[in-house]
Amino acid sequence: MMYRALLLGCILIGGTRVIAQDWTVALDSVMHLLAKEDFFDGQILIAEKGKVLFNEAYGDLHVDGESQTLTEDTALPVFSVGKSLTALSVMLLEAEGKLRYEDPVRKFIPELPYESVTIRHLLTMTSGLPRFLETALKYADTTTVMSNPGILDLVARHQPEAGAPGVNFQYNNANYILLATIVESVSGLPFGTFLEQRIFQPIGMRHTQETAPFLPDSLKGKPITADHFFRPYGTGTVATTATDLFLYDQALYNGQPLSQAQLQEGFKCMRLKDGSYSNYGFGWRIVNCDTLQEVYHVGDGPGMRASFQRQLSDQQTLIYLHVGSNVYHQAVYEIVRAIRKGEPYVLPQKRLRYNIDTALYDKYTGSYLSNFGLIHISTSEGRLFLRPDAIPGKEELIPSSDTTFYFKGQNLSWEFFLNEHEEVIGFGIEGDRENMGIKQ
């Protein structure tokens, strides 16, 4: 495309490197063009030693068929990036002597059957707990919204089996559901109110709020289904801005609301029972357990990717909030990092829908036994759909060739595998025949 040639000619100076003092201009130019081509909608903030070097918003926010221009003040869901706020809430209560990290969870939620699990296990995701969503899908009424109290009642009644705590790291939202509930139990405040009074207001995060108590506008007035009935809080249900996250970042450096010594507890790798270490701290992933140069967290949700990186060694911060597509987020993120460093980069290519003969769909339909369980392929109105066995909702498989497909908002390609007689024998990630799901 012509704009690609213009970009390379205008902003790449001295071969393939951007002149250092011009990187903000180059980045702004590239991001405007990427937004125009629908590769990026969102916010980017880059800071160093407390000084904001770059803070811009691009593109639009699309909700229920309507669009609004994104600004630096538009609050966006950041999903699991918000886990550090849940962890910080627990740390505040620990600093006040209202709980200890080694306290058993049952001290605060006695109806739970998991006796050996401590608050530290929850914070570091080494509790061995089962995934509560699976229990809810199995036993709950999926036509009504279920949040923390209902989830805990269900778990207490059905007591799904757990593994031994402290043995393995397993990323599991169940841990942070329980932490938010403990914050409420100890503080006597609703979780969202605690966040507002103890973190958001003192730091000045004016465009940040806990969203879990509210149904999204897109769901109001519509029947609740299994696709969106499960709405816990504490797991990353905060909407915020890149600017507010920078205020949070700076507060952590400046001893607000906890001192550096108190914060360090949350940046420690967790020693497991076999003597190895997990690099998940208190709501942060830790890049190097020995040097503690960087902590970060990412958040993924429908059409959203958030990344919050803090290089502690030189106080560099990168906040990247990408709305509307999980397809291009990584490519655009790599461009942002490359331009900041004066390195070469590759512009993304758009995915297109292949003009497939839909008669092929008949041989693709059926059930496939994969490593993730049984999945079902079906057709409707000339389109192909995939549904995991335990999930009522289905997603369209968009063709990219006669045998390969992709999901909207996902960067992976999937393939129907054929034998020498052109018969379908399996389905899985493109090129990975060894691990394909076998057609039943």
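Residues numbered from 1 in each chain as written. Predicted model: local features only at pLDDT ≥ 70, side-chain atom pairs only at ≥ 80, totals over all residues. Heavy atoms only, no water.

Draft legend 1. Examining the overall build of the protein chain more closely. Each helix and strand counted, the protein chain has 12 helices and 21 strands in total. Computed over its C-alpha atoms, the radius of gyration of the protein chain comes to 23 Å, within 12% of the 22 Å expected for a compact globule of 440 residues. Along the first, second and third principal axes, the C-alpha set of the protein chain runs to 65 × 60 × 50 Å. A total of 440 residues make up the protein chain; the buried ones form 48% of that total. Counting every atom, the protein chain has about 20800 Å² of accessible surface; 50% of that belongs to carbon and sulfur. Here the protein chain contributes 38 positive and 51 negative side-chain charges, whose respective centroids are spaced 4 Å apart. (Helix = DSSP H or I, 4+ residues; strand = E, 2+ residues; numbered from the N terminus. Rg over C-alpha atoms; globule rule 2.2 N^0.38 Å. Buried < 20%, exposed > 50% of the residue type's maximum accessible area, 1.4 Å probe, protein only. Areas by Shrake-Rupley, 256 points an atom, 1.4 Å probe, with all protein chains shown as cover. Lys, Arg positive; Asp, Glu negative; His and termini not counted. Charge placed at Lys NZ, Arg CZ, Asp CG, Glu CD.)

Draft legend 2. A look at the sheet that holds strand 10 (residues 285-286). Judged by pairing direction, the sheet is antiparallel, and its six strands sit side by side in the order 2-1-13-12-11-10 without closing on themselves. Looking at which strands have only one partner, the edges of the open sheet turn out to be strand 2 (51-58) and strand 10. Direction of pairing for strand 1 (residues 42-48) relative to strand 13 (residues 316-323): antiparallel, over a ladder of seven bridges. In the strand pairing of strand 13, Gly 42 is matched with His 322. Contacts between helix 2 (residues 23-36) and the sheet are confined to strand 1 and strand 2, with strand 2 contributing the most and set at about 15° to the helix. (Pairing = 2+ DSSP bridges. Contact = heavy atoms within 4.5 Å. Axes fitted to C-alpha atoms, helices over the stretch in contact; angles between N-to-C directions.)

Draft legend 3. Main features of the state of the cysteines. In the structure shown here, the tally under the stated rule is one disulfide. Between Cys 269 and Cys 289 runs a disulfide, and the two sulfur atoms are separated by 1.9 Å. Judged by the sign of its S-S torsion, about -90°, the cystine formed by Cys 269 and Cys 289 is left-handed. A residue pair is termed long-range when its members are at least 10 positions apart, and Cys 269 in the loop between helix 10 (260-264) and strand 8 (270-271) and Cys 289 in the loop between strand 10 and strand 11 (294-301) qualify at 20 residues. Looking at Cys 289, the relative accessible area reads 38%, which means it is partly exposed. (Disulfide = S-S within 2.5 Å.)

Draft legend 4. Structural view of the side chain of Ser 127. By the secondary structure assignment, Ser 127 is in the loop between helix 4 (119-123) and helix 5 (132-139). In this structure Ser 127 comes out as buried when scored by relative accessible area, which is 1%. Within the local environment of Ser 127, its side chain forms a polar contact with the backbone nitrogen of Leu 129, the two atoms lying 3.2 Å apart. A distance of 2.5 Å separates the side chain of Ser 127 from the side chain of Asn 175, its partner in a polar contact. Excluding its chain neighbours within four sequence positions, the residues that come into contact with Ser 127 are Val 117, His 121, Leu 122, Gly 163, Ala 164, Pro 165 and Asn 175. (Polar contact = N/O pair within 3.5 Å; in protein donor to acceptor, adjacent residues only side chain to side chain.)

Draft legend 5. View of helix 7 (residues 174-187). Taking 1.5 Å of rise per residue, 14 residues should cover 20 Å, and helix 7 covers 20 Å from first to last C-alpha, within 8% of that figure. Within helix 7, 10 of the 14 residues are buried, which leaves it mostly tucked inside the rest of the structure. Where helix 7 is concerned, the buried positions are Ala 174, Asn 175, Tyr 176, Ile 177, Leu 178, Leu 179, Ala 180, Thr 181, Ile 182 and Val 183. Just downstream of helix 7, Gly 188 is the residue with a positive phi angle, here 75°. (Expected span 1.5 Å × (residues − 1).)

Draft legend 6. Quick peek at the packing of helix 3 (residues 83-95) against helix 8 (residues 191-203). Where helix 3 meets helix 8, the closest approach of the two axes is 11 Å, and the angle between their N-to-C directions is 75°. Between helix 3 and helix 8, the angle falls in the class roughly perpendicular. Between helix 3, through Leu 85, Thr 86, Leu 88, Ser 89, Leu 92 and Leu 93, and helix 8, the contact on the second element is made entirely by Phe 191, Phe 194, Leu 195, Arg 198, Ile 199 and Phe 200. Here the contact of helix 3 with helix 8 is composed, by residue class, of nine nonpolar, two polar and one charged. (Parallel < 35°, antiparallel > 145°, perpendicular 65-115°, else oblique. Nonpolar A, V, L, I, M, F, W, Y, C, P; charged D, E, K, R; others polar.)

Draft legend 7. Layout of the confidence of the model for the protein chain. The pLDDT averaged across the protein chain works out to 90; a share of 91% of its residues lies at or above 70. In the model, residues 1-20 has pLDDT below 50 throughout and makes 31 contacts with residues more than four positions away in sequence or in other chains. (pLDDT = per-residue confidence, 0-100.)

Draft legend 8. Looking closely at the sheet that holds strand 16 (residues 383-388). Read around the closed barrel, the eight strands follow the order 14-15-16-17-18-19-20-21; overall the barrel is antiparallel. On average, each strand axis in the sheet is tilted by 30° relative to the strand beside it, whichever way the strands run. Sheet topology note: the strand 14 (residues 366-370)/strand 21 (residues 437-439) ladder contains two bridges and is antiparallel. Directly across from Leu 369, in strand 21, lies its bridge partner Ile 438.

Draft legend 9. Local environment of the pattern of salt bridges. Following the criterion strictly, the structure yields 14 salt bridges and no others. When the shortest N-O distance is used, the salt bridge between Glu 265 and Lys 268 registers 3.1 Å. Look at Lys 268 and you get partly exposed, because its relative accessible area is 45%. Residues joined by salt bridges that share partners form a network here, namely Glu 102, Arg 120, Glu 265 and Lys 268. (Salt bridge = Lys/Arg side-chain N within 4 Å of Asp/Glu carboxyl O.)

Draft legend 10. Structural view of the nonpolar core. Judged by nonpolar contacts, the single largest core of 81 residues is most densely connected at Ile 119, Leu 123, Phe 132, Leu 178, Ile 199, Tyr 248 and Leu 321. Excluding residues that lie within four positions of it along the chain, Leu 123 makes contacts with Ala 87, Val 90, Tyr 101, Tyr 176, Leu 179, Tyr 280, Gly 281, Phe 282 and Gly 283. One finds Leu 34, Tyr 58, Tyr 320 and Ile 339 within the second-largest nonpolar core, a separate group that totals 25 residues. (Core = buried A, V, L, I, M, F, W, Y, C linked by side-chain atoms within 4.5 Å.)

Draft legend 11. Spotlight on the packing of aromatic side chains. The final tally for this structure, using the stated rule, is 22 aromatic pairs. For the ring pair Phe 267 and Trp 284, a centre distance of 6.4 Å and an interplane angle of 70° mean the geometry is edge-to-face. Placement of the pair is Phe 267 in the loop between helix 10 and strand 8 and Trp 284 in the loop between strand 9 (277-278) and strand 10, with a sequence separation of 17 residues. Judged by relative accessible area, which is 8%, Phe 267 ranks as buried. (Phe/Tyr/Trp six-rings, centres within 6.5 Å; stacked < 30°, edge-to-face > 60°.)

Draft legend 12. Fine view of the environment of Leu 85. By secondary structure assignment, the location of Leu 85 is in helix 3. Spatially, the C-alpha atom of Leu 85 lies 30 Å from that of His 158, the residues being 73 residues apart in sequence. The residues contacting Leu 85, other than those within four sequence positions of it, are Leu 195, Ile 199, Phe 200, Val 238 and Tyr 248.

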